[in-house]
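Report on the structure
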Amino acid sequence: MKPVPHATSLRRAPVQRRSAERLTRILDACADLLDEVGYDALSTRAVAQRAGVPIGSVYRFFGNKKQMADALAQRNLERYAERVTERLKDARPGDWRAAMDAVLDEYLAMKRTAPGFSLVDFGNQIPVGSRAEPNHRVADRLTDLLSGHLGRGPDDDLRRIFLIAVETADTLVHLAFRMAPEGDPKVIEETRELLRAYLGRVLD
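Summarised in this report is the structure supplied together with it. Each residue is numbered by its place in its chain's sequence as written, counting from 1. It should be noted that, the model being predicted, local features are given only for residues of pLDDT at least 70 and side-chain atom pairs only at 80 or more, the latter also being counted only at that level, while totals for whole chains, interfaces and linings use all residues. Note: side-chain values were computed over all heavy atoms of the structure, leaving out hydrogens and water.

What follows concerns the packing of aromatic side chains. Centre distance within 6.5 Å is the pairing criterion for rings of Phe, Tyr and Trp, where only the six-membered ring of Trp is used; planes under 30 degrees apart are then read as stacked, over 60 as edge-to-face, and the remainder as tilted. Going through the model one piece at a time under the given rule, you end up with 6 aromatic pairs. Aromatic rings pair up to connect Tyr80, Tyr107, Phe117 and Phe122 into one cluster. For a ring to carry a charge above it, either NZ of a lysine or CZ of an arginine must fall within 6 Å of the ring centroid while also lying within 35 degrees of the normal to the ring plane. The cationic tip of Lys65 hangs over the ring face of Tyr39; the distance from NZ or CZ to the ring centre is 4.6 Å. Taking the ring centre of Phe177 as reference, the NZ or CZ of Lys111 above it sits at 5.0 Å.

On to the nonpolar core, then. Tyr80, Leu88, Phe122, Leu142, Leu146, Leu199 and Leu203 are the most contacted members of the largest nonpolar core, which has 38 residues in total. Strands are runs of DSSP state E lasting at least 2 residues, helices are runs of H or I lasting at least 4, and numbering of each runs from the N terminus. Where this core is concerned, the elements lending two or more residues are α4 (65–88), α5 (96–113), α7 (134–150), α8 (156–179) and α9 (185–203). The biggest single contributor to this core is α8, with 10 residues. When residues no more than four places from it in sequence are discounted, the contact partners of Tyr80 are Val103, Glu106, Tyr107, Met110, Phe122 and Leu142. Listed in part, the 23 residues of the second largest apolar core include Leu23, Ala31, Leu34 and Ala51. To form a nonpolar core, buried Ala, Val, Leu, Ile, Met, Phe, Trp, Tyr and Cys residues must be joined to one another through side-chain atoms within 4.5 Å. When a residue's accessible area, from a 1.4 Å probe over protein chains only, is under 20% of the maximum for its type it is buried; when over 50% it is exposed; and in between it is partly exposed. Here a residue-residue contact requires only that any non-hydrogen atoms of the pair lie within 4.5 Å.

Here we take up empty space enclosed by the protein. The way it works is a 1 Å grid over only the protein atoms, where trapped points that fit a 1.4 Å probe form a cavity and open points with protein on both sides within 12 Å along at least five of seven lines form a pocket, and then any residue with an atom within 4 Å of a point lines it. Grid points are joined across faces, edges and corners, and a volume is the space filled by probe spheres set on the points. Within this structure, the stated rule accounts for 2 cavities of 30 Å³ or more. Contributing to the lining of the largest cavity are 22 residues, with Val103, Leu142, Ala165, Val166 and Ala169 lying nearest its centre. Broken down by secondary-structure element, the contributors of at least two residues to the lining of the largest cavity are α5, α7, α8 and α9. The biggest single contributor to the lining of the largest cavity is α5, with 6 residues.

So, in structure tokens, the structure goes:
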């Protein structure tokens, strides 16, 4: 099972600090507007106005709003990986249960608090970019991130295990958030128990 290549939707990567800060403002504005007006009503002009930058600055980085939303999804994945990594600093090496809790809890936290995440998350919700299997990218990232913590190599078996876990959690967490704005707690707990049962069988 080969890792899915990381995609980039940027026309031009920022080089100078000022350019990187402008890109951050653009993506922040995109995220806020997604929550306010939704994807269909999102426009590059509105993003430029909200970010306080010329429309040309948006087009310097993105050809259209799909590329902008795809870049937001990529940033979400980077920030998610950083949050999981921070949580694992206090976990005992080899403790897959602590790792699983970190992975699920940080995903839930971003679903509840990260602007625009409910529509974009890691690329699953709207037709952004190439739609090259966002869950595969999440599973690949978690495999690379957690393999050392678990004391095993990022081999095909571990990638398949994490892909199954990610696909399962993704489906059930979205069910939980369809049932309640903050995620139905009973569905979330059932999701946690299901993941523990599966991972316990294959990782213990």
